[in-house]
Amino acid sequence: MRHEADVVVVGGGGAALAAASSARSAGAEVILLEKNPQLGGSTAWSVGSVTATQTPHQKKAGITDNPQDHLEDLRLFSRALKLEHRDNFELGRLLCDHSPAMFEWLLSTGLEFVGPFPEPPHRVARMHNVLPNSRAFPWLLGRHCRKQGVDIHLNTEAQRLILDKSNGGRALGVVAREADGSNTEYIARKGVVLAAGDYSGGRELKARFSSELIANVDAINVTNTGDGIRMGMETGGTVINGDYIRGPILRFVPPMHTTLEQRLPPHPAITKLLHWGFDHLPKRILRPVLMNYLTTALAPEKSLYEHGAILVDKDGLRFGDERDQPARSAALRPDGLAWIIFDSTVANQYQQWPHFISTAPSIGYAYLEDYRRTRKDIFHCANTLGALADSMKLPRGAFEKTLADYNAGRTHTDAPARGDRPAIVKPPFYALGPAKAYIIFTNGGLKVTHNLEVVHEKGHVIPGLYAAGANGQSGMLLEGHGHHLGWAFVSGRIAGKNAARNPV
């Protein structure tokens, strides 16, 4: 089977939807290929932050801002990590310069944001959070693309690029596998945009660029197998900063069942109501509602371990030093799972500022009571350690011995003695978990030009081939909240427009 369009976009997340919309706005016929049964990609798994300047929200708050200041502050993130020499600030300028128009476009599709919120070292508040959560992006942007006339093909997995070797290796389209196992050629008369996400779920690419340990750690988005990057490399493209990977990081496992709030579609009527509530209702009324959306994706703070919490695995055994790369140690345990154990002394601390369980963008912080109310599936409390083990479905005997050894100051298995940390002796006893060691994202992306054209390893542009989002990250590290999504939308819009205008 064979389909034709001016532009073929590979992927279904924020970058792909932005590319498809931009190419369609430029007058191109567009086909979008998404291998999953629904749109979203990693965009739908994000915390929903978009960092931008000169937004209506900033102006309403009386904040004067500009892209140049944004770029200067962007450098501070990688400078703090001593990675400034590896960051691509030429594309960083592209991100900052195009963010104001990108944000206006997002608003035009019906998306609602609250903010701006401060995030040091940004000199002013620039972080905006989508309402009600990140699933609003694929829902509303997908609807926007369909209204424009983008031909969206779900359950369609891109396999390889079609190249015209007689014409400089020009990208002519994509061969994709359909749901029934058959292959279809999707011919692109003008250009192909690779926007298929990173390789956080791609074992071979993680092993190639990092290590076997990283390769064996699950991704937050398991379908991010690096298809676009693989196809770009097969065509002669090169990856920059492939070894810079965010993870392993401990995050609480997602709930098995969604709440009513999470099932509600992010219809503009609902999001506008939430926006009104955010601006006018006391936070004590609105906060519990918003928490139901956000405590599904949060990570535990490391300060818990400083104050006396420990980690145990599914066998009830303590492992490693909780204060020294706990996620990396957890990744080596069975299924990468861990439970956070503490007593009422720690529990009483983590009910209010400055001691919080997790950071919840746009709300502030999630405390123990938030988890008791919104994540009953991972909240455990009991008057005895044995009963706590039963609640977690961990082996009681091994768990009780682990705690006895820890409280007595004995080294247990691979874990050091507790040292000067308090013993876990005051009932009731608490546990949060399981948490799991995840790879959150990978920063490696294909080398691209300012026009988001993929660059061949020999230095020339691969004709007709563009990359956006993680596929076209080209060495940018994108530290801080809101820059990954910002780049997805900015780069998608640029790549889609340029692909549509590419001469045949």
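Here the structure is a predicted model, which means the values were calculated and not measured.

With that settled, consider the overall build of the chain. On a plain count of helices and strands, the chain comes out with 18 helices and 22 strands. Taken over the C-alpha trace, the chain has a radius of gyration of 24 Å; the compact-globule value for 504 residues is 23 Å, and the two agree within 12%. Principal-axis analysis of the C-alpha atoms places the extent of the chain at approximately 75 × 50 × 45 Å. Sorting the 504 residues of the chain into buried and exposed places 58% on the buried side. Across the chain, every contact between residues at least 6 apart in sequence was considered, and the portion connecting residues at least 24 apart equals 73%. Roughly 20100 Å² of accessible area belongs to the chain as shown, and the carbon and sulfur atoms make up 52% of that amount. A gap of 3 Å separates the mean positions of the 56 positive and 50 negative side-chain charges of the chain.

On the surface, a cluster of nonpolar side chains totalling about 310 Å² of accessible area is made up of Leu-273, Trp-276 and Leu-281. Mapped onto the elements of the fold, Leu-273 is located in helix 10 (residues 268-280).

This paragraph deals with the environment of Gly-228. Tracing the backbone shows Gly-228 in helix 8 (residues 227-234). Between the C-alpha atoms of Gly-228 and Ala-179, which are 49 residues apart in sequence, the distance is 19 Å. Sequence-distant contacts of Gly-228, that is, excluding residues within four places in its chain, are made with Leu-194, Ala-196, Leu-446 and Asn-471.

All right, on to the pairing of strand 22 (residues 461-467) then. Most of strand 22 sits inside the fold, with 5 of its 7 residues counted as buried. With 3 bridges connecting them, strand 9 (residues 183-194) and strand 22 associate as parallel partners. Among the inter-strand pairings, Val-192 is bridged to a residue of strand 22, identified as Leu-465. Of the pairings in the sheet, the one linking strand 21 (residues 453-455) to strand 22 comprises 2 bridges and is antiparallel in character. The residue of strand 22 that forms the bridge with Glu-453 is Tyr-466.

What follows covers the side chain of Ser-78. Position of Ser-78 among the secondary structure elements: in helix 3 (residues 67-80). For Ser-78, a relative accessible area of 0% translates into the label buried. Side-chain polar atoms of Ser-78 contact the side chain of Asp-87, separated by 3.1 Å. The residues contacting Ser-78, other than those within four sequence positions of it, are Leu-83, Glu-84, Asp-87, Phe-89 and Leu-477.

The complete set of buried residues in helix 16 (residues 385-392) reads Leu-385, Gly-386, Leu-388, Ala-389 and Met-392. Seen end-on, helix 16 carries its buried residues on one side only, within an arc spanning 160°. Lys-393 lies just past helix 16 and shows a positive phi near 60°.

Here we come to the nonpolar core. Within the largest apolar cluster, 131 residues are counted, with the highest numbers of intra-cluster contacts made by Val-193 and Phe-489. If sequence neighbours within four positions are ignored, Phe-489 has contacts with Gly-14, Ala-18, Thr-43, Val-50, Met-102, Trp-105, Leu-106, Phe-137 and Leu-141. Membership of the second largest hydrophobic core comes to 6 residues, among which are Phe-117, Met-127, Leu-131 and Phe-278.

We now examine the packing of helix 3 against helix 4 (residues 89-108). Helix 4 packs onto helix 3 with a crossing angle of 135° between their chain directions and a minimal axis gap of 9 Å. One finds that helix 3 runs oblique with respect to helix 4. In this structure, the crossing between helix 3 and helix 4 has a hand that is right-handed. On the side of helix 3, the interface is formed by Pro-67, Gln-68, His-70, Leu-71, Leu-74, Arg-75 and Ser-78, while helix 4 contributes Phe-89, Gly-92, Arg-93, Leu-95, Cys-96, Asp-97, Ser-99 and Pro-100.

So, about the packing of aromatic side chains. Taken as a whole, this structure holds 8 aromatic pairs when the rule is applied. Measuring from ring centre to ring centre gives 5.7 Å for Phe-342 and Tyr-430, while their planes differ by 5°; the resulting arrangement is stacked. Pair noted here: Phe-342 is in strand 14 (residues 337-343) and Tyr-430 is in strand 18 (residues 429-438), with a separation of 88 residues, a long-range link. You'll find Phe-342 and Tyr-430 in the same group, each marked buried. Among the aromatic side chains, those forming a connected cluster through ring pairs are Phe-103, Phe-113, Phe-137 and Phe-489. In this structure, Arg-75 is placed above the aromatic ring of Phe-89, and the distance from its NZ or CZ to the ring centre is 4.2 Å.

Their axes nearest at 9 Å, the elements helix 16 and helix 17 (residues 396-407) cross at an angle of 130°. The pairing of helix 16 with helix 17 is recorded here as oblique in orientation. In this structure, helix 16 meets helix 17 at a crossing whose hand is right-handed. Residues Leu-385, Gly-386, Ala-387, Leu-388, Ala-389, Asp-390 and Met-392 of helix 16 lie in contact with helix 17, whose contacting residues are Arg-396, Phe-399, Glu-400 and Leu-403. Residues belonging to the contact of helix 16 with helix 17 are distributed by class as follows: 7 nonpolar, 1 polar and 3 charged.

Taken together, the 3 strands give an open sheet; going across it, the order is 3-5-4, and neighbouring strands pair in antiparallel fashion. Two strands close off the open sheet at either side, each with one partner strand: strand 3 (49-51) and strand 4 (112-117). Averaged over all neighbouring strand pairs, the angle between strand axes comes to 30°, with direction disregarded. With 3 bridges joining them, strand 3 and strand 5 (residues 127-131) adopt antiparallel strand pairing. Each residue of the ladder has a partner; that of Ser-49, found in strand 5, is Asn-129.

Let's shift gears to the environment of Ala-136. Assignment of secondary structure puts Ala-136 in helix 5 (residues 136-148). By relative accessible area, which is 0% here, Ala-136 ends up buried. Not counting residues up to four positions away in its chain, the partners in contact with Ala-136 are Leu-111, Val-130, Leu-131, Leu-141 and Pro-266.

Rules behind the numbers
- Residues numbered from 1 in each chain as written.
- Predicted model: local features only at pLDDT ≥ 70, side-chain atom pairs only at ≥ 80, totals over all residues.
- Heavy atoms only, no water.
- Helix = DSSP H or I, 4+ residues; strand = E, 2+ residues; numbered from the N terminus.
- Rg over C-alpha atoms; globule rule 2.2 N^0.38 Å.
- Buried < 20%, exposed > 50% of the residue type's maximum accessible area, 1.4 Å probe, protein only.
- Contact = heavy atoms within 4.5 Å.
- Areas by Shrake-Rupley, 256 points an atom, 1.4 Å probe, with all protein chains shown as cover.
- Lys, Arg positive; Asp, Glu negative; His and termini not counted.
- Charge placed at Lys NZ, Arg CZ, Asp CG, Glu CD.
- Patch = residues over 30% accessible without salt bridge, like charges linked within 9 Å, V, L, I, M, F, W, Y side chains within 5 Å.
- Salt bridge = Lys/Arg side-chain N within 4 Å of Asp/Glu carboxyl O.
- Pairing = 2+ DSSP bridges.
- Polar contact = N/O pair within 3.5 Å; in protein donor to acceptor, adjacent residues only side chain to side chain.
- Arc of directions from axis to C-beta.
- Core = buried A, V, L, I, M, F, W, Y, C linked by side-chain atoms within 4.5 Å.
- Axes fitted to C-alpha atoms, helices over the stretch in contact; angles between N-to-C directions.
- Parallel < 35°, antiparallel > 145°, perpendicular 65-115°, else oblique.
- Left-handed = near helix turned anticlockwise from the far one by under 90°.
- Phe/Tyr/Trp six-rings, centres within 6.5 Å; stacked < 30°, edge-to-face > 60°.
- Lys NZ or Arg CZ within 6 Å of the ring centre and 35° of its normal.
- Nonpolar A, V, L, I, M, F, W, Y, C, P; charged D, E, K, R; others polar.

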